[in-house]
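# Summary of structural features
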Amino acid sequence: MADHRDMNTDIQVGVALNDDFLEAPPARRRALLHGMEAAGLDHLTVGDHISFHGGQGFDGFVAATTALATSDSLKVLMGVYLAGLRHPLATARQLATLSQVAPGRLTLGVGVGGEDRSEVANMGIDPATRGRRVDETLGLLRQLASGDEVDHDGEFYSFRGASIRPAPDPRVPIVIGGGGDVAVRRTVAHGDGWLGMWCSARRYAATHQQILDGFAASGREGPTFAGLNVWAGLGADADRARAALGERMSTLYNLPPEKFQHISAAGTPDDVADFVAGYVEGGARTITLIPVAASAEEAIELSGEVRTRLRSLTPVP
């Protein structure tokens, strides 16, 4: 494998199984989660959409609850939840309830969304306001996580004496998805860390450093989370793995495969680990592979091998 410097062995690796997980019969769903545990994977990542590109998607909290109630040990990363499309009191209640079901096993990733503007508009929300809505929501989620009564008069939400009890214990970490200066600002102001996607390793490292600098300048401790979601075609034949990956992504995002080639991985577990290692050098520690393989079972097995490869890399003096 390539020579990678400043590598740590605190890497956490999980997968996003999407429809393979949610549409499976209960017995197969349990088997998939057991397979993840056996492969040494650390977490399952679930997404969230209401009506994406013609009606696709699944509810992030329902998916997270299904996984957390089915497995006794796997953690779940919701990456990312479209919090700006929901009322913050409802989101805070869901977080508190899920914290009772599986305390300490959920991380909430929050994103602005908008890749499909009709998804936002059809919820009765002006797409131009979605960033401000998320900022207001993030501040409220932190306040409501205390269990104290909250009075609030904001641009989008207003309430008196609102509280969510019992307060989540431990508090559910909130991480920020997105890119650019806005994501850095939002992470420093409201997040426990950043969840990157759709960026090169160089851009990931630069954004991670901006966040570190922002936390230091603001006097905040942390960040405690540095994540990456990355699509990966896995298989013995790199060309076939790349072709299958491109087909899957093109179908989902309505874009040609070459649009994704420089920010996605394909090939054997060694190939994929080599690609992801560049992001690890830039600070990423919680890696989610969105795997495309011959089957969900193979995707889990090969993703576990990627985790083993990444954690075995040693620093070079």
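Below you will find a few notes about this structure. (Residues numbered from 1 in each chain as written. Predicted model: local features only at pLDDT ≥ 70, side-chain atom pairs only at ≥ 80, totals over all residues. Heavy atoms only, no water.)

## Here we look at the environment of Asp148
- Among the secondary structure elements, Asp148 is positioned in the loop between helix 6 (130-144) and strand 5 (150-153).
- What makes Asp148 partly exposed here is its relative accessible area of 48%.
- Placed 17 residues apart in sequence, Asp148 and Arg165 show a C-alpha to C-alpha distance of 8.3 Å.
- If sequence neighbours within four positions are ignored, Asp148 has contacts with Ala162, Ser163 and Arg165. (Helix = DSSP H or I, 4+ residues; strand = E, 2+ residues; numbered from the N terminus. Buried < 20%, exposed > 50% of the residue type's maximum accessible area, 1.4 Å probe, protein only. Contact = heavy atoms within 4.5 Å.)

## Looking at helix 3 (residues 60-70)
- Every buried residue belonging to helix 3 is among Gly60, Phe61, Ala63, Ala64, Ala67 and Leu68, and all of these are buried. Projected down its long axis, helix 3 carries its buried residues within an arc of 160 degrees, all on one side. Exposed residues pointing more than 90 degrees away from the buried face of helix 3 are listed as Val62 and Ala69.
- If you follow the buried residues of helix 3, they end up packed against helix 1 (19-22), helix 2 (26-38), strand 2 (43-46), strand 3 (75-81), helix 4 (88-101) and strand 4 (106-110).
- The backbone nitrogen of Phe61 has a side-chain oxygen 3.0 Å away, supplied by the residue at the start of helix 3, namely Asp59. (Arc of directions from axis to C-beta. Polar contact = N/O pair within 3.5 Å; in protein donor to acceptor, adjacent residues only side chain to side chain.)

## Some words on the packing of aromatic side chains
- Evaluated as defined, the whole model comprises eight aromatic pairs.
- Ring geometry for Trp198 and Tyr253: centres 5.2 Å apart, planes at 90 degrees, overall edge-to-face. One end of the pair, Trp198, is in the loop between strand 8 (193-196) and helix 8 (201-218); the other, Tyr253, is in helix 9 (residues 238-253), with 55 residues separating them in the sequence.
- When the centroid spacing of 6.1 Å and the interplanar angle of 75 degrees are considered together, the rings of Tyr204 and Tyr279 count as edge-to-face. With Tyr204 in helix 8 and Tyr279 in helix 10 (residues 269-281), this residue pair connects regions lying 75 residues apart in the sequence. (Phe/Tyr/Trp six-rings, centres within 6.5 Å; stacked < 30°, edge-to-face > 60°.)

## Quick notes on the packing of helix 2 against helix 11 (residues 296-312)
- Packing of helix 2 against helix 11 brings their axes to within 9 Å, and their N-to-C directions diverge by 15 degrees. It follows from the interaxial angle that helix 2 and helix 11 lie roughly parallel. Classified by chirality, the crossing of helix 11 by helix 2 is right-handed. Across the interface between the two elements, Arg28, Leu32, Gly35 and Met36 of helix 2 pack against Ala296, Glu297 and Ile300 of helix 11.
- In terms of residue class, the contact of helix 2 with helix 11 is built from four nonpolar, one polar and two charged. (Axes fitted to C-alpha atoms, helices over the stretch in contact; angles between N-to-C directions. Parallel < 35°, antiparallel > 145°, perpendicular 65-115°, else oblique. Left-handed = near helix turned anticlockwise from the far one by under 90°. Nonpolar A, V, L, I, M, F, W, Y, C, P; charged D, E, K, R; others polar.)

## Brief notes about the pattern of salt bridges
- Scanning the entire structure with this criterion turns up 13 salt bridges.
- With a shortest N-O distance of 2.9 Å, Asp192 and Arg171 are connected by a salt bridge. Of this pair, Asp192 sits in the loop between helix 7 (180-190) and strand 8 while Arg171 sits in the loop between strand 6 (158-162) and strand 7 (174-177), and the two are 21 residues apart along the sequence.
- Taking relative accessible area as the criterion, Arg171 reaches 35% and is therefore assigned partly exposed.
- One continuous salt-bridge network, built from bridges that share partners, spans Asp48, Asp59 and Arg86. (Salt bridge = Lys/Arg side-chain N within 4 Å of Asp/Glu carboxyl O.)

## Comments concerning the pairing of strand 7
- Going residue by residue along strand 7, you find Ile174 and Ile176 tucked away on one face and Val175 and Gly177 tucked away on the opposite face as well.
- Looking at chain direction, strand 7 and strand 8 are connected through three bridges and run parallel. For Gly177, the partnering residue across the bridge sits in strand 8 and is Leu195.
- Each parallel crossover has a hand, and for strand 7 linked through helix 7 to strand 8 it is right-handed. (Pairing = 2+ DSSP bridges. Right-handed = clockwise from strand over helix to strand, strands pointing away.)

Interpretation in functional terms is not warranted from these geometric data alone.
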